[in-house]
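Observations on the three-dimensional arrangement
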Amino acid sequence: MFERLKILAQHAMPKRRLTEFAGRVAASSGRWTPSLIRWFVARYGVDLSEAENSDIRSYASFNDFFTRPLKAGARPLAEADFICPVDGAISRFGAIDDHHIVQAKGHHFTTAAILGGDETLAATFRDGSFANLYLSPRDYHRLHMPCDGELFRMIYVPGALFSVNPTTARGVPGLFARNERVICLFKSATHGHCAMILVGATIVGSIATVWHGVVNAKRSGAISEWSYAPDQVVLRMGEEMGRFLLGSTIVMLFEKQTIAFNPEWFPERPVRLGEAMGTAMQKKAAE
């Protein structure tokens, strides 16, 4: 009953206005900034010992603090074909059933839905694999590459701004395919095509990538697309590819028979950037 009430409250909440207000506060600078950061650290149990800069007073804005880099060597990369791209927790992962992806027990969404309705693109991942990883407010919020990849397309899909925490994932059907999101499409010389989908949420002020900057700054309500020439954006496994300004979820899609997930993974398990996510099932070249 309590979970249902929380979901109903989200439907009634002015999520977009709240998110825009939070974004302005997080980007601004003032004498209150250290107090806000100090409260956030205490409220969510943020571990600053791993941060490159642990001095709360030195951050010019809350956004600067929230997207703080880690100390060099804080996240060594496992010797694996695919590494975990974030700090967070596993929501769900596994095989794509034809074109259906598990969101939570009793809830699914389709590859076409989360890919902005592009049926041709969705066919690339039919019977493939997926992983949904949740980043809580206390986590490190830069996103890294799970494998080597060459970017060839990016799509911004406008949408709702529901929270993406586990409670909401259990209570809102098609949540990840309803929320605002940025779809980054890569091809790999050995692993075929991969989609990294950065899902927005309530109070997530913006979604940024290293090659574009903030993608959803205007929130025009229209789908936007960008195409990239060969070798224009090439990232190695473990390199930063983007960041969230406040907690959210990343959904990854892989082609059929591409990845065998780490047998130690299970839903709700905490994960850390750089740990082994899986091994390659077969080598394949993307066209």
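The structure contained in this document is the topic of the report that follows. (Residues numbered from 1 in each chain as written. Predicted model: local features only at pLDDT ≥ 70, side-chain atom pairs only at ≥ 80, totals over all residues. Heavy atoms only, no water.)

With that settled, consider the pattern of salt bridges. Taken as a whole and assessed by the stated rule, the structure comprises eleven salt bridges. Glu50 is the partner of Arg75 in a salt bridge, and the nearest nitrogen-oxygen pair spans 2.9 Å. Linking Arg75 in the loop between helix 4 (62-66) and strand 1 (82-83) with Glu50 in the loop between helix 3 (33-44) and helix 4, this pair joins segments that are 25 residues apart in sequence. Accessibility assignment for this pair places Arg75 and Glu50 in one class, buried. Here Arg126 ties to Asp98 by a salt bridge, and the two come within 2.5 Å at their closest N and O atoms. Pair noted here: Arg126 is in the loop between helix 6 (119-123) and strand 5 (129-135) and Asp98 is in the loop between strand 2 (88-95) and strand 3 (100-104), with a separation of 28 residues, a long-range link. Using a relative accessible area of 24% as the deciding quantity, one classes Asp98 as partly exposed. One salt-bridge network, held together by shared partners, links Glu50, Arg75, Asp87 and Arg272. (Salt bridge = Lys/Arg side-chain N within 4 Å of Asp/Glu carboxyl O. Helix = DSSP H or I, 4+ residues; strand = E, 2+ residues; numbered from the N terminus. Buried < 20%, exposed > 50% of the residue type's maximum accessible area, 1.4 Å probe, protein only.)

Quick look at the nonpolar core now. Core analysis: the largest hydrophobic core is formed by 35 residues, its most contacted members being Cys184, Phe186, Met196, Leu198, Trp211 and Met241. Elements represented by at least two residues in this core include exactly strand 5, strand 7 (149-157), strand 8 (181-188), strand 9 (192-199), strand 14 (240-244), strand 15 (248-254) and strand 16 (259-261). Apart from residues lying up to four places away in sequence, Trp211 is in contact with Leu151, Met154, Cys184, Phe186, Tyr228, Val233, Leu235 and Met241. With 22 residues, the next largest nonpolar core counts Ile96, Phe125, Leu175 and Val251 among its residues. (Core = buried A, V, L, I, M, F, W, Y, C linked by side-chain atoms within 4.5 Å. Contact = heavy atoms within 4.5 Å.)

Here we come to the sheet that holds strand 16. In space, the three strands of this open sheet follow the order 1-18-16, with antiparallel pairing throughout. Taken across any chain shown, the strands that pair with only one partner, and hence form the sheet edges, are strand 1 and strand 16. When strand 16 meets strand 18 (residues 276-280), the two strands line up antiparallel, connected through three bridges. Looking at the pairing, Ala260 lines up with Thr279 of strand 18. (Pairing = 2+ DSSP bridges.)

Turning our eyes to something else, we now look at the sheet that holds strand 11 (residues 213-214). One open sheet holds the four strands; their spatial order is 6-14-10-11, and the pairing between them is antiparallel. Here the strands that pair on one side only, and so sit at the sheet edges, are strand 6 (142-144) and strand 11. With two bridges connecting them, strand 10 (residues 207-209) and strand 11 associate as antiparallel partners. Bridge assignment links Ala208 to a residue of strand 11, and that residue is Val214.

Bringing the packing of aromatic side chains into the picture now. On inspection of all chains with the given rule, the structure shows 14 aromatic pairs. Measuring from centroid to centroid gives 5.9 Å for Phe40 and Phe66, while their planes differ by 80 degrees, and the two rings are edge-to-face. Of this pair, Phe40 sits in helix 3 while Phe66 sits in helix 4, placing them 26 residues apart in sequence. Its relative accessible area of 5% is what places Phe40 among the buried residues. (Phe/Tyr/Trp six-rings, centres within 6.5 Å; stacked < 30°, edge-to-face > 60°.)

Mapped onto the elements of the fold, Ala113 is located in helix 5 (residues 111-114). Separated by 13 residues in sequence, Ala113 and His100 place their C-alpha atoms 9.7 Å apart. Apart from residues lying up to four places away in sequence, Ala113 is in contact with Ala177 and Arg181.

Further remarks concern the pairing of strand 14. In terms of burial, strand 14 is a largely internal element, four of the five residues being buried. Alignment of strand 6 against strand 14, held across three bridges, turns out to be antiparallel. Each residue of the ladder has a partner; that of Leu143, found in strand 14, is Gly242. Bridging between strand 10 and strand 14 involves three bridges; their strand directions are antiparallel. For Thr209, the partnering residue across the bridge sits in strand 14 and is Gly242.

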